[in-house]
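Read off the chains here:
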Amino acid sequence: LSLETCGALGRLLPGAVPFAEVALGDCGLSEDGVKLLLHGLCSNTTVKSLDLKGNNLRAVGAEALGKLLRQNKSIRSLILEWNSLGVWEEGFSLFCQGLGANNCLQRLDLRNNQINHHGAGELATALKQNTSLQELDLRWNNIGLLGGRALLNCLHSNRTLRRLELAGNNVPSDILNAVEQAMDHNQDRQTILAETQNRACVLNKEILSLKDEKAKQFLDLMDTIDKQREEIARSGRISAGRVSQLQEALDEQHSIMNSLKAKLQMTEAALALSEQKVRNLGELLSAMKQEQATMAERHLAELQQQKQEGADREGKLFCDLSACSEKNLLLRNQVDELEKKCKVQQDQLFQVKQDLTNTTAELKLRAVQAEERLEMEKRRFKQSLEDMESLRLKEMDHMTQHMETSERSMQDRVQRLEAIRIALEEELSQVKAAALTERGHAEEELIKVRNQARLDEQQRLEHLEEKLRLMTESRDEAQSCCLKQKQMVSEAQVKANQLSLHADGLRRRIEELQQDLNSKEQEKVTEVSKVKVELQEQIGHLQAERIAQEGLREKIAALERQLKVLSSNHREALLDKEGEISVLLEKLRMREADISRMREEEAQRANLLQNAIMAYVQGSPLGTHSSKK
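Cut-offs used in this document
- Residues numbered from 1 in each chain as written.
- Predicted model: local features only at pLDDT ≥ 70, side-chain atom pairs only at ≥ 80, totals over all residues.
- Heavy atoms only, no water.
- Core = buried A, V, L, I, M, F, W, Y, C linked by side-chain atoms within 4.5 Å.
- Buried < 20%, exposed > 50% of the residue type's maximum accessible area, 1.4 Å probe, protein only.
- Helix = DSSP H or I, 4+ residues; strand = E, 2+ residues; numbered from the N terminus.
- Patch = residues over 30% accessible without salt bridge, like charges linked within 9 Å, V, L, I, M, F, W, Y side chains within 5 Å.
- Areas by Shrake-Rupley, 256 points an atom, 1.4 Å probe, with all protein chains shown as cover.
- Salt bridge = Lys/Arg side-chain N within 4 Å of Asp/Glu carboxyl O.
- Arc of directions from axis to C-beta.
- Pairing = 2+ DSSP bridges.
- Axes fitted to C-alpha atoms, helices over the stretch in contact; angles between N-to-C directions.
- Expected span 1.5 Å × (residues − 1).
- Contact = heavy atoms within 4.5 Å.
- Parallel < 35°, antiparallel > 145°, perpendicular 65-115°, else oblique.
- Nonpolar A, V, L, I, M, F, W, Y, C, P; charged D, E, K, R; others polar.
- pLDDT = per-residue confidence, 0-100.

**Things to note about the nonpolar core**
Item 1. One finds Leu-52, Leu-80, Phe-95, Leu-108, Leu-110 and Leu-138 to be the most contacted residues of the largest nonpolar core, which totals 50 residues.
Item 2. Contributing elements (two or more residues each) for this core: helix H2 (31–41), helix H3 (59–71), helix H4 (89–101), helix H5 (117–129), helix H6 (144–154) and helix H7 (173–273).

Okay, structure coming up:
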């Protein structure tokens, strides 16, 4: 890809890209292009997988990748195979820092990147900080023993890594086995975490269901409260109707009083008309006074009777309320005792279930541990056998090769010596006279060379014999170790059989206990259902009695209110009547004063008329005539 296309991709990637995977393997990206592309991916939120295999990313690319891992929160898979990132130590350290700060990457492929033990140490420090990476592929690098140890040490603090590939890194087999064990432990932890999360989800669902049930119960309580309010409103309407009736009765009394006032006015008119009617009115007024007195006495007696009846009713109602409250207390005590019994039975059931779960878990753990030990012993035995066979084969090959090379060298030397001998014989044949002395020296040198060659060959043979002897001893030791391991395996098998028999016995015991528990649970369920039914019946009775008591209380309150209203109305009526009686008495006093005044005036008028008549009679001729006579 050219720089322009990489820049266009870098400008396009920060937006809403409709694809979730970017594959740019073996594209030959330049440094600037890689920088632009990774800079664009820093703010992307849709790309989930990035493939940059075989692009020869250098220090700039490693730094850009570290920045990408710090800022990007969406990439889950990153493939960086064949990029030689381990050559650039500073850039690779920045890349490892970004990996340590990342919390969303789950798969990282770093195959064939020439990572040495320093790079492995940087990766180990990053893995100690990282909490999301699950798969890491480091095959075909140069990690070695130190890098393998660093990665193994980082796995003690990393709990999320489930797969770590270290093939082709010159890492010893014991470290690889330890890494596999750590990966198995991490997988077990992940499975346990998943189970705990599932259990938490189930518990949350149960809590939500309980909340819904409580909400339903609350709604039922609100419905009952609304019904009670409706009943209270109904009783209020009834009391309002009764108050309206009392108001009508008061209106009738007011109308009667108005009629009485009209009658008084009629009586006043009748008194004004004639004196005879005045006497009759006086009699009628005295009769009215007597009737009013009798009526007042009757009203007082009726009020006293009503007060006594109200007091009697209140005493009876208080007695009924005390009896009902005592019954309620007794029933509540019974309900509390039954609830305590239910709780005790539930606690016993829960303890029995916990004991069962603990025993089953312990048995499973023991069985799993025994199986794991057997598998580990088998693996170790097979690995040791394979290692011993491979070492024996390698040493035999090495010995055969060494013997062949030594034989070849000896043959070469013999050939060379023979060629020298032939040349010397020719020279001796050519120059016999001059070579007699040289021949003696040459023969001595040949004897020395042969002796030296023989000594060398004897030393080499002795060395080879010692090696063969050591090999035989190591083979015997390996055979003895194999025999011991076979004995250990047989003993472990015997122990495993014993454990399996013990586990079978325990399983049978658990099945019997489960059967007993099931029977006990059924019995307890039946007892609990009976108790629940009885409690529900008692609660229904209690609720009915409470409703009746509430109705009685409401009725008592309504009656008390009615009594208060009636007493207040009666008091007001008595006060009004007393005021009216006082007004009537004042009017009667006024009328009596007017009547006495009118009588005096009539007497004065009668006297005046009589005097006038007497004076007229005396002044008339008839009076004079009668006087003369």
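Back to the text.
**Structural notes on unusual backbone geometry**
Item 1. Despite not being glycine, Asn-112 has its phi angle at roughly 55 degrees, a positive value.
Item 2. Summarising the element assignment, Asn-112 is placed in the loop between strand S4 (107–109) and H5.
Item 3. Judged by relative accessible area, Asn-112 falls into the buried class, the value being 17%.

**Quick word on a nonpolar patch on the surface**
Item 1. Residues Phe-218, Leu-219, Leu-221, Met-222 and Ile-225 make up a contiguous nonpolar surface patch of roughly 460 Å² in combined accessible area.
Item 2. Relative to the elements of secondary structure, Phe-218 occurs in helix H7.

**Focus on H2**
Item 1. Within H2 the residues assigned to the buried category are Gly-33, Val-34, Leu-37, Leu-38, Gly-40 and Leu-41. For H2, the angular spread of buried residues about the axis comes to 155 degrees, placing them on one side.

**Observations concerning the pattern of salt bridges**
Item 1. Applying the stated criterion to the full structure yields 10 salt bridges.
Item 2. A salt bridge links Arg-111 to Asp-109; the nearest nitrogen and oxygen atoms lie 2.9 Å apart.
Item 3. We classify Asp-109 as buried; its relative accessible area is 2%.
Item 4. Among the charged side chains, a salt-bridge network with shared partners connects Glu-81, Asp-109, Arg-111, Asp-137 and Arg-139.

**Quick look at the sheet that holds S4**
Item 1. Taken in spatial order, the six strands of this open sheet run S1-S2-S3-S4-S5-S6, and their pairing is parallel. Each edge of the open sheet carries a strand with a single partner, namely strand S1 (21–23) and strand S6 (163–165). Shown here is a sheet whose adjacent strand axes are inclined to one another by a mean of 0 degrees, direction ignored.
Item 2. Note: S1 against strand S2 (residues 49–51), three bridges, orientation parallel. Following the sheet pairing, Val-22 is matched in S2 by Leu-50.

**So, the environment of Ala-124**
Item 1. Relative to the helices and strands, Ala-124 resides in helix H5.
Item 2. A residue is classified by how much of its surface remains accessible, and Ala-124, at 3% relative accessible area, is buried.
Item 3. Taking the C-alpha atoms as reference points, Ala-124 and Gly-148, 24 residues apart in sequence, are found 9.5 Å from one another.

**A word on H4**
Item 1. In this model, H4 (13 residues) spans 18 Å end to end at C-alpha, consistent with the 18 Å of a helix rising 1.5 Å per residue.
Item 2. For H4, the set of buried residues is Gly-91, Phe-92, Ser-93, Phe-95, Cys-96, Gly-98, Leu-99 and Gly-100.
Item 3. Turning to H4, the residues buried within the fold contact H3, strand S3 (77–79), S4 and H5.

**Let's talk about the packing of H2 against H3**
Item 1. The contact between H2 and H3 brings their axes to 9 Å, and the two run at 0 degrees. Relative to H3, the element H2 is oriented roughly parallel. Contact residues: Glu-31, Val-34, Lys-35, Leu-38, His-39 and Leu-41 in H2; Val-60, Gly-61, Ala-64, Leu-65, Lys-67 and Leu-68 in H3.
Item 2. Residues that form the contact of H2 with H3 fall into these classes: seven nonpolar, two polar and three charged.

**Remarks on the packing of H3 against H4**
Packed helices, taken two at a time, are described by the angle between their axes plus the distance between the axes.
Item 1. Between H3 and H4, whose axes approach to 7 Å, the crossing angle comes to 10 degrees. Taken together, the axis directions place H3 and H4 in an arrangement best described as roughly parallel. The segment H3 lies against H4, with Ala-59, Ala-62, Glu-63, Leu-65, Gly-66, Leu-69 and Arg-70 engaging Gly-91, Phe-92, Leu-94, Phe-95, Gln-97, Gly-98, Leu-99 and Ala-101.
Item 2. Taken together, the residues of the contact of H3 with H4 break down into nine nonpolar, four polar and two charged.

**Looking at the confidence of the model for the protein chain**
Item 1. With 91% of its residues at a pLDDT of 70 or more, the protein chain shows a mean pLDDT of 80.
Item 2. Within the protein chain, no element has a lower average pLDDT than helix H10 (residues 621–628), which sits at 48, and none a higher one than S4, at 94.

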